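Chain by chain, the residues run as shown.
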Amino acid sequence: MSNFSVHSRAAHSAHDVAVHVLDLEGELDAHTASDLEAAFEQCRAEDHHRIIVNGADLDYISSAGLGVFMAYVEDVREAGGDIKIANLKPKVYNVFDLLGFPMLFDIEDTEEEALARFEENAEDAPEPSDAPGENRIA
Amino acid sequence: MPQTHTMTIPSATRHLGEVRQFVAERAAAEGLEDEMVQELRMAVEEACANVIEHAYAGDASREIDVAVIADDERFTVRIRDEGEPFRPEAYDTPDLRELVRRRQSGGLGLHLMRRLMDQVEYRTRQGVNEVLLTKYRDGQPAG
């Protein structure tokens, strides 16, 4: 049984920049990495290019989980967006840090800070506004 | 005398959680610090995931043998398979920027294992591949 889930929701910054948030919960390993892939694929299919991955409830990540970020971030950036990471527990942040991810990804302490980072370059790429609502992907 | 405990899993990613739990429980029972326990959990997944993907190429009918061997000086996890041998010397330290540019999701596992463990050794003998992941209780070999 999978002990990992991705919950997808729309969010807006203080100045109404539309962002898509993926809340991760549980253990992201070589078995569950495909669930995060599916979530990024869905973002791509729905033209959500400003993505915040919220790791408040993420307890574990392996290199397979990190690999999903590596595989998708370039396409998202080429589409004018970014994948920003927020709210990681210290033991999970340590794994990102050990492999040098802070050099290539915005990793913020809170979702609000990640939203604010999107506002800084919001003019660069307009994003269609998200319809409100929720969608459980995995 | 070293204490040894073993488990065997089918070569499939859905069993990785069981291996992580087994190793974490043994490491905690041996009195290792929580940080070391977490590092061992991660390293054993990386080693087993490599076997599943590369040595057995996704054949879930094959098996992986995992043993933990602990003594006063060290805690070692031994992973054995009978698939394609792995050649660690063929892998350099990965360039993260280059992997991202190529949209590549793999290539970090061995590097992560080496960062997490005090020692990572590969051997192949009579058709059996073995990786030994070692943490020294004092951070380095005695003597």
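Structure: see above.
Residues numbered from 1 in each chain as written. Chains lettered and ligands numbered in written order. Predicted model: local features only at pLDDT ≥ 70, side-chain atom pairs only at ≥ 80, totals over all residues. Heavy atoms only, no water.

**Some words on the sheet that holds strand S4 (residues 119-125) of chain B**
All names here are of chain B.
Here comes step 1: Here five strands make up an open sheet; going across it, the order is S1-S2-S3-S5-S4 and the pairing antiparallel. Taken across any chain shown, the strands that pair with only one partner, and hence form the sheet edges, are strand S1 (3-10) and S4. Mean inter-strand twist for the sheet, computed between neighbouring axes without regard to direction, equals 15 degrees.
Here comes step 2: By the bridge criterion, eight bridges tie strand S3 (residues 74-81) to strand S5 (residues 128-136) in an arrangement that is antiparallel. Across the sheet, residue Val77 finds its bridge partner in S5, namely Leu133.
Here comes step 3: Contacting S1, strand S2 (63-70) and S3, helix H1 (residues 16-29) runs over the sheet at an angle of about 170 degrees to S1. (Pairing = 2+ DSSP bridges. Helix = DSSP H or I, 4+ residues; strand = E, 2+ residues; numbered from the N terminus. Axes fitted to C-alpha atoms, helices over the stretch in contact; angles between N-to-C directions. Contact = heavy atoms within 4.5 Å.)

**Details of the packing of helix H2 (residues 34-55) of chain B against helix H4 (residues 109-116) of chain B**
Residue and element names in this part refer to chain B.
Here comes step 1: Remark: H2 packs on H4, axes separated minimally by 9 Å, with the N-to-C direction vectors making an angle of 150 degrees. It follows that H2 is roughly antiparallel to H4 by the angle criterion. For the element pair H2 and H4, the recorded crossing hand is left-handed. Every residue of H4 that contacts H2 at Glu39, Met42, Ala43, Glu46, Ala47 and Asn50 is listed here: Gly109, Leu110, Leu112, Met113 and Leu116.
Here comes step 2: Here the contact of H2 with H4 is built from residues that sort into seven nonpolar, two polar and two charged. (Parallel < 35°, antiparallel > 145°, perpendicular 65-115°, else oblique. Left-handed = near helix turned anticlockwise from the far one by under 90°. Nonpolar A, V, L, I, M, F, W, Y, C, P; charged D, E, K, R; others polar.)

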